[in-house]
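Below are the chains, spelled out letter by letter.
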Amino acid sequence: MAGYVSKNIRDATSKSQRGTEESPLVKWTLVALSGTFLAVFLLIPLANVFVQALEKGWDLYVSALKEPDTVSAIKLTVIVAAITVPLNTLFGVCAAWAVAKFEFRGKSLLITLIDLPFSVSPVVAGLIYVVMFGLQGYFGRWLDDHDIKIIFAVPGIVLATIFVTFPFVARELIPVMQATGREQEEAALTLGAGGLKTFWYVTLPSVKWGLLYGVILCNARAMGEFGAVSVVSGHIAGVTNTMPLHVEKLYNEYQGQAAFAVASLLALLALVTLGVKTLLEWKQSREFARAQQNVESMMNK
Amino acid sequence: MKKFLSAIVIGAALVGAHAKDIKLLNVSYDPTRELYQDFNAAFIKHWKAKTGDNVTIQQSHGGSGKQARSVIDGLQADVVTLALAYDVDSIAEKSKLIPADWQKRLPHNSAPYTSTIVFLVRKGNPKGIKDWDDLVKPKVAIIPANPKTSGAARWAYLAAWGFALKKYDNDEAKAKDFVAKFYKNVPVLDSGARGATTTFIQREIGDVLVGWENEAYLALKEFGADKFEIVTPSISILAEPTVALVDRVVKKKGTEAIAKAYLEYLYSDEGQEIAGRNFYRPRSEKALEKYGDKFAKVNLFTIDEIFGGWQQATRKHFADGGVFDQIYKP
């Protein structure tokens, strides 16, 4: 029975070449339109970043990246991502686990809250921390008296980045965890595995590609965030400028080539992210297909 | 032998001097990036020679109003060097980091250099821009910055208003009408002076950049005098960018002496020379002699004469619901 259903589905996918009964003309016009759109608005500007960066030659490109302020911006960006991504991964796994595997009151509220950073403007994300920790904010005087710097220093930048990258891992994991269901874990538990062991050997392997994908997206945004970080950074050259802020600074100082050199690093990050994403999706679909084949052959026996 | 000697000298310097490492943060406005790069290098050398200590000067740049806001919110500036006195006043008033009488602590109202508002046009002046009148003609696109956030833009707004008052015999209604026409010709309002400059030069939007004189000269230097021309209007405003010590921060960090010396050095021969070299109008006679000819003679009025000072001008023109909000409809 199951075999029959999945065979039907496969037939449907193989036929989907034709999609609807529209003529090939419509199909190719649509493909050409979206292709042109992508080329004009995405590919050409992206390629232009590299052209501008290398305009004055490779040597200048490299020396632009070796500038002390640029090096410090790269370092700061890496540090921020190194703190943000693991924290949000941990949070994402916890949240997805809770949402996918348990029933509790306020679950939909939790899901809405996880999505909040997607719907809030990054400027607001920055400002809420200024209102909390700025000198005129709720904790401002106390922090100042105790010589603790949050806003206009690394902690503020980390906080703002955590806020905007909050949903990425959880959002990727929730559907995957829901799809895998609870049966396997229940089986593991009845066979005597503890909670942690079940998580480590049963849950995690079944969601690993989704998790990795979430982590990669989270990292890309953490390194590329401009708005929220701009509000809390203070823009001190060589101290609190992350890479995106540094690009803006260089451009404003008429150092176009250097600005594009740093921008090219961010563009490279984007390309790597896309590459890894494609690879992960391919792996995931292959594993899914294999699992389905196994089920099918078991059913047919 | 030479190497040996220099090794001894360096060694002696290391042992003897006990050089301290001091960090200063100068929070400044948009177009002073090049000025302070130049000035900081000179001051570091001067301080090293005088005391043996190593200073690192960190810079933060942005729209003047925005920078003031950051200092109010706790950006630990040792000194602020902003586009207008009102922004320093705001810091004093809202955060009490600076005493209210700050402007009397340094000569020339704490403005070590001045500038004014001029026009930058494309080569050959295709729209024939000569004075403020020409900016309100139809089909002239002008690029000032946003007076809500940018210092240069406030000076430019007030300069246009001042011109109109003179032209229409102090008729306020006509002046308001003139400035409304002025902002009708604005295709885009950037938040800072430097953003407006890049809009005009690199994105090639607009016929006239209305902004700092120093910024216009710097653009000529960076992008070539064969592409742009400076037009000086018949009358403009005396812009006084002001500097101040942030008392509470320097007391806490123990940098009071050096921060004071830093600001005072702006008034020294070398400081004035650097200001002149970077197209700011210097105060000292000596630097004026050398650089005065570079700047066109222009009839300058002050904000106190026409508007009764920054507090009044801000309340009337730039506050929420003020004249600018009434006339500017994007």
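Residues numbered from 1 in each chain as written. Chains lettered and ligands numbered in written order. Predicted model: local features only at pLDDT ≥ 70, side-chain atom pairs only at ≥ 80, totals over all residues. Heavy atoms only, no water.

Caption draft 1: Region of the structure containing the pattern of salt bridges. All names here are of chain B. Under the criterion given, the structure shown has 29 salt bridges over all chains. Linking Asp207 and Lys127 is a salt bridge whose minimum nitrogen-to-oxygen distance equals 3.4 Å. Of the two residues, Asp207 is situated in the loop between α9 (193-201) and β7 (208-212) and Lys127 in the loop between β5 (117-122) and α6 (132-135); the sequence distance between them amounts to 80 residues. The salt bridge partner of Arg194 is Glu215, with a shortest N-O separation of 2.6 Å. Of this pair, Arg194 sits in helix α9 while Glu215 sits in helix α10 (residues 213-223); the two residues are 21 residues apart in sequence, bridging distant segments of the chain. The exposure class assigned to Arg194 is buried, which follows from its relative accessible area of 0%. (Salt bridge = Lys/Arg side-chain N within 4 Å of Asp/Glu carboxyl O. Helix = DSSP H or I, 4+ residues; strand = E, 2+ residues; numbered from the N terminus. Buried < 20%, exposed > 50% of the residue type's maximum accessible area, 1.4 Å probe, protein only.)

Caption draft 2: Here's a closer look at the environment of Thr29 of chain A. Residue and element names in this part refer to chain A. Counting through the fold element by element, Thr29 comes out in helix α2 (residues 24-53). Take Thr29: its relative accessible area is 41%, and that puts it in the partly exposed class. When the C-alpha positions of Thr29 and Leu42 are compared, they lie 19 Å apart, and in sequence the two are 13 residues distant.

Caption draft 3: Just a positive patch on the surface, in detail. Residues and elements named next belong to chain A. On the surface, Lys208, Lys283, Arg286 and Arg290 cluster together to form a positively charged patch. At three residues, helix α14 (residues 256-300) tops the list of elements feeding residues into the positive patch. Its place among the elements puts Arg290 in helix α14. Using a relative accessible area of 44% as the deciding quantity, one classes Arg290 as partly exposed. (Patch = residues over 30% accessible without salt bridge, like charges linked within 9 Å, V, L, I, M, F, W, Y side chains within 5 Å. Areas by Shrake-Rupley, 256 points an atom, 1.4 Å probe, with all protein chains shown as cover. Lys, Arg positive; Asp, Glu negative; His and termini not counted. Charge placed at Lys NZ, Arg CZ, Asp CG, Glu CD.)

Caption draft 4: Here's a closer look at the interface of chain A and chain B. Counting residues at the interface gives 19 residues for chain A and 29 residues for chain B. Buried surface at the junction of chain A and chain B, summed over both partners, amounts to about 2,100 Å²; 51% is from carbon and sulfur atoms. The tally of links between chain A and chain B comes to four salt bridges. Between Glu253 of chain A and Arg33 of chain B there is a salt bridge, with the nearest N and O atoms lying 3.1 Å from each other. At the boundary of chain A with chain B, the tally comes to ten residue pairs in polar contact (both at pLDDT 80 or more). Listed by contribution, the elements that provide at least two residues to the side of chain A that touches chain B are α7 (140-145) and α13 (243-252) of chain A. Residue contributions to the side of chain A that touches chain B peak at three residues, all from α13 of chain A. For the side of chain A that touches chain B, the per-class residue count stands at eight nonpolar, five polar and six charged. (Contact = heavy atoms within 4.5 Å. Buried area = accessible area lost by both parts, 1.4 Å probe. Polar contact = N/O pair within 3.5 Å; in protein donor to acceptor, adjacent residues only side chain to side chain. Nonpolar A, V, L, I, M, F, W, Y, C, P; charged D, E, K, R; others polar.)

Caption draft 5: Main features of unusual backbone geometry. Its identity is not glycine, yet Asp147 of chain A carries a phi of approximately 60°, on the positive side. Tracing the sequence through the fold places Asp147 of chain A in the loop between α7 and α8 (154-165). Although it is not a glycine, Phe279 of chain B adopts a positive phi angle of roughly 75°. On the secondary structure map, Phe279 of chain B appears in the loop between α13 (269-277) and β11 (281-282).

Caption draft 6: Structural detail: the environment of Lys56 of chain A. With respect to the helices, strands and loops of the structure, Lys56 of chain A is situated in the loop between α2 and α3 (58-66). Expressed as a C-alpha distance, the spacing of Lys56 of chain A and Ala258 of chain A, which sit 202 residues apart in the sequence, is 9.9 Å.

Caption draft 7: Quick look at empty space enclosed by the protein. This structure, assessed with the given rule, holds six cavities of 30 Å³ or more. Within this model, the largest cavity holds a volume of roughly 150 Å³. Lining the largest cavity are 16 residues, with Asp144, Ile148 and Lys149 of chain A together with Gly74 and Gln76 of chain B positioned closest to its centre. Looking at the lining of the largest cavity, the element that brings in the most residues is α7 of chain A, giving three residues. Its residues assigned to classes, the lining of the largest cavity comprises seven nonpolar, four polar and five charged. (1 Å grid on protein atoms, 1.4 Å probe; cavity = no way out; pocket = protein on both sides within 12 Å on 5 of 7 lines; lining within 4 Å. Points joined across faces, edges and corners; volume = space filled by probe spheres on them.)

Caption draft 8: Broad picture of the packing of aromatic side chains. Under the defined criterion, the tally for this structure stands at 33 aromatic pairs over all chains. Residues Tyr157 of chain B and Phe318 of chain B carry aromatic rings whose centres are separated by 4.9 Å and whose planes lie at 65° to one another, so their mutual orientation is edge-to-face. Of the two residues, Tyr157 of chain B sits in helix α7 (residues 151-167) while Phe318 of chain B sits in helix α16 (residues 310-318), which places them 161 residues apart along the sequence. Through a chain of ring-to-ring contacts, the aromatic side chains of Phe119, Trp132, Tyr157, Trp161, Phe182, Tyr183, Phe318, Phe324 and Tyr328 of chain B assemble into a single cluster. Lying across the ring of Trp282 of chain A, Arg286 of chain A places its NZ or CZ 4.7 Å from the centre. Directly above the aromatic system of Phe200 of chain B lies the positively charged group of Arg122 of chain B, at a separation of 4.1 Å from the ring centroid. (Phe/Tyr/Trp six-rings, centres within 6.5 Å; stacked < 30°, edge-to-face > 60°. Lys NZ or Arg CZ within 6 Å of the ring centre and 35° of its normal.)

Caption draft 9: Main features of the packing of α9 of chain B against α10 of chain B. Residues and elements named next belong to chain B. Their axes nearest at 11 Å, the elements α9 and α10 cross at an angle of 45°. When the interaxial angle is binned, α9 and α10 end up oblique. Between α9 and α10 lies a crossing of right-handed hand. On the side of α9, the interface is formed by Ala193, Arg194, Thr197 and Ile201, while α10 contributes Glu215, Leu218, Ala219 and Phe223. When the residues that make up the contact of α9 with α10 are grouped by side-chain class, the tally is five nonpolar, one polar and two charged. (Axes fitted to C-alpha atoms, helices over the stretch in contact; angles between N-to-C directions. Parallel < 35°, antiparallel > 145°, perpendicular 65-115°, else oblique. Left-handed = near helix turned anticlockwise from the far one by under 90°.)

Caption draft 10: Spotlight on the confidence of the model for chain A. All names here are of chain A. Across chain A, the average pLDDT comes to 88, with 93% of residues at or above 70. The least confident element of chain A is helix α1 (residues 2-15), whose mean pLDDT is 45; the most confident is α8, at 96. The low-confidence segment residues 1-15 (pLDDT under 50) makes four contacts with residues lying over four places distant or belonging to another chain. (pLDDT = per-residue confidence, 0-100.)

Caption draft 11: Region of the structure containing the sheet that holds strand β6 (residues 142-143) of chain B. Residue and element names in this part refer to chain B. Ordered by their spatial adjacency, four strands build an open sheet running β6-β7-β5-β8, and the pairing between neighbours is mixed. Looking along the sheet, the strands with just one partner apiece sit at the ends: β6 and β8 (228-231). Across four bridges, β5 lies against β8 in antiparallel orientation. The partner of Phe119 across the bridge, within β8, is Val231. Sitting on the sheet, α10 touches β5, β7 and β8, and the angle it makes with β8 is about 160°. (Pairing = 2+ DSSP bridges.)

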